[in-house]
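# Reading the structure
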Amino acid sequence: MAIRVVLLGQGLVATHFAVGVERIKKGELEPYGVPFAKYKMVYDIKDIEIVGSYDVDEEKVGKTVYEVAVKSVGDILPVPETLKNITVRRGIHLGSMEGLPFRVKGLEDELGSTKAAIERLVEEWKQLQPDVIIEVATTEPAKAFHDVKALEEAIERDDRKRLSASHAYAYAAYLYAKETGRPVVFVNVIPSPLARDDAIVKLFEEAGSLVLGDDGATGATPLTADLLEHLAERNRYVLSIAQFNIGGNTDFLALTVPERNKMKEETKSSIVKDILGYDAPHFIKPTGYLEPLGDKKFVSMHIWWKTFNALEDELVVNLRINDSPALAGLLVDLTRIGKALVERGEKGTAYPVNAFFMKDPGPRGARNMSRIRAYYQLLDYLREKGVIK
Ligand code: NAD
């Protein structure tokens with residue numbers, strides 16, 4: 001059976017996901033970079049069917065995903081013709097692209113209010129019938145509500161300062177699930193707190209649906225988490241951690257705006273105390289934009305610690321990583337796992353999934369752990385739920 005997927009934000013990650021899934025379906029690509037590809041799961045990668053896409057960039061809305069993909073990755077990848085069947089629709093903006101050099105317009109501007117925009121999305125989704133909705137738009141400043149009434153009031157008041165686009169999308173997904181009785185999985189791989197927002201988790205629980213998040217863990221963060229676990233297990237005392245990322249894609253451009261950078265800093269830094277048990281001095285941030293690097297970012301890391309006999313050791317790691325494909329590979333499993341879990345009655349959020357796939361795993365207050373531990377815990381959980389056969 002197909003898993004019907006809607007993408008929110010047709011940027012580089014969503015485009016790598018769409019292109020990669022279609023290439024796997026055609027049999028021309030091995031699923032490297034998909035963490036659980038070697039296990040037999042109830043849903044196969046070939047079951048994934050992208051049925052809708054949303055953006056707010058005037059250069060993308062109205063174009064097909066094929067046209068968007070040819071423009072952004074056509075020089076490095078063959079773009080499957082099947083993507084001509086999906087046209088990018090207009091989404092909710094709520095200031096998510098403010099301060100960036102793009103011509104944007106949201107549904108709320110077209111229809112006059114955020115509430116009307118949410119209702120429009122629900123109507124469209126009743127036609128598209130998504131099982132999984134993936135939030136992969138530009139990082140935006142966003143704050144949790146924790147209280148359903150406060151969230152609903154902000155929508156009623158059309159409080160565009162307080163509401164984030166991701167909250168509006170998640171609320172629309174909840175309404176869609178509630179009104180159709182069709183459970184939905186909302187996968188949030190951007191830093192906005194959704195799986196860490198009590199209000200959103202409660203609404204999804206009520207609608208028999210799942211919200212997974214927040215902020216996909218792909219590059220330096222999971223590697224740092226595993227290195228810290230290695231040091232913690234040997235009782236080495238970490239004196240400092242420096243980790244920086246420099247990239248040339250529009251995600252890095254967006255992070256040059258201070259409020260957005262802060263969103264990332266929050267989701268990236270939570271690993272230190274959770275894994276070590278103390279807050280070692282650290283500098284962990286997306287650090288800069290350098291256009292020639294493109295999507296292949298440069299990551300550098302320095303960790304310094306005390307070992308036996310009070311001597312001191314250090315490690316230095318340098319990486320060049322294709323940024324967007326790393327997350328796109330995780331989305332393949334998040335889609336299949338999410339759909340299988342919601343069918344097995346999981347609702348609200350699912351910590352074992354978030355702990356492996358996300359930088360800041362929901363629910364609120366949940367611990368970050370090393371990815372190696374999280375991987376094996378998730379494997380046990382998926383076997384217990386019958387998601388992996
Ligand atoms: P991108 O800039 O290429 O794409 C973002 C897309 O979202 C753009 O097309 C933009 O027009 C669109 N957009 C902005 N606001 C929107 C809205 N309100 N509704 C619908 N569309 C909207 O960025 P990307 O490299 O594809 O990354 C996407 C997101 O994934 C970012 O938030 C990033 O922080 C997150 N993320 C990426 C990685 C990774 O690349 N490895 C890891 C973790 C998280």
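Figured I'd write up the structure that's included with this text.

Conventions and cut-offs
- Residues numbered from 1 in each chain as written.
- Predicted model: local features only at pLDDT ≥ 70, side-chain atom pairs only at ≥ 80, totals over all residues.
- Heavy atoms only, no water.
- Near = heavy atom within 4 Å.
- Polar contact = N/O pair within 3.5 Å; in protein donor to acceptor, adjacent residues only side chain to side chain.
- Areas by Shrake-Rupley, 256 points an atom, 1.4 Å probe, with all protein chains shown as cover.
- Helix = DSSP H or I, 4+ residues; strand = E, 2+ residues; numbered from the N terminus.
- Contact = heavy atoms within 4.5 Å.
- Salt bridge = Lys/Arg side-chain N within 4 Å of Asp/Glu carboxyl O.

### Considerations on the site of the ligand
Near the ligand, the surroundings consist of 32 residues, among which Asp 55, Ile 92, Ala 137, Tyr 169 and Thr 250 are the closest. At 2.9 Å, a backbone N or O of Leu 12 approaches an oxygen atom of the ligand. In the model, an oxygen atom of the ligand is placed 2.7 Å from a nitrogen or oxygen of the Lys 60 side chain. Relative to its free-state accessible area of 840 Å², the ligand is covered by the protein chains to the extent of 97%.

### Quick look at the environment of Ile 275
Here Ile 275 shows up in helix α10 (residues 258-276). The spatial distance from the C-alpha of Ile 275 to the C-alpha of Asp 226 is 9.1 Å, given a sequence separation of 49 residues. Dropping the residues within four chain positions of it, Ile 275 is found in contact with Ala 225, Leu 228, Glu 229, Ala 232, Arg 367, Asn 368, Met 369 and Ser 370.

### Structural notes on the pattern of salt bridges
Enumeration over the complete set of coordinates arrives at 31 salt bridges. Across the pair Glu 49 and Arg 4 runs a salt bridge, and its minimum N-O distance is 4.0 Å. Taken together, the positions of Glu 49 in strand β2 (residues 48-55) and Arg 4 in strand β1 (residues 3-8) put the pair 45 residues apart, joining distant regions of the chain. Here Glu 58 and Arg 90 are joined by a salt bridge, their closest N and O atoms 3.1 Å apart. One end of the pair, Glu 58, is in the loop between β2 and α2 (65-73); the other, Arg 90, is in strand β3 (residues 88-90), and 32 residues separate them in sequence. Taken together, the shared-partner salt bridges in this structure form one network comprising Asp 131, Arg 182, Lys 339, Glu 343 and Arg 344.

Coordinates in, geometry out; function isn't part of it.
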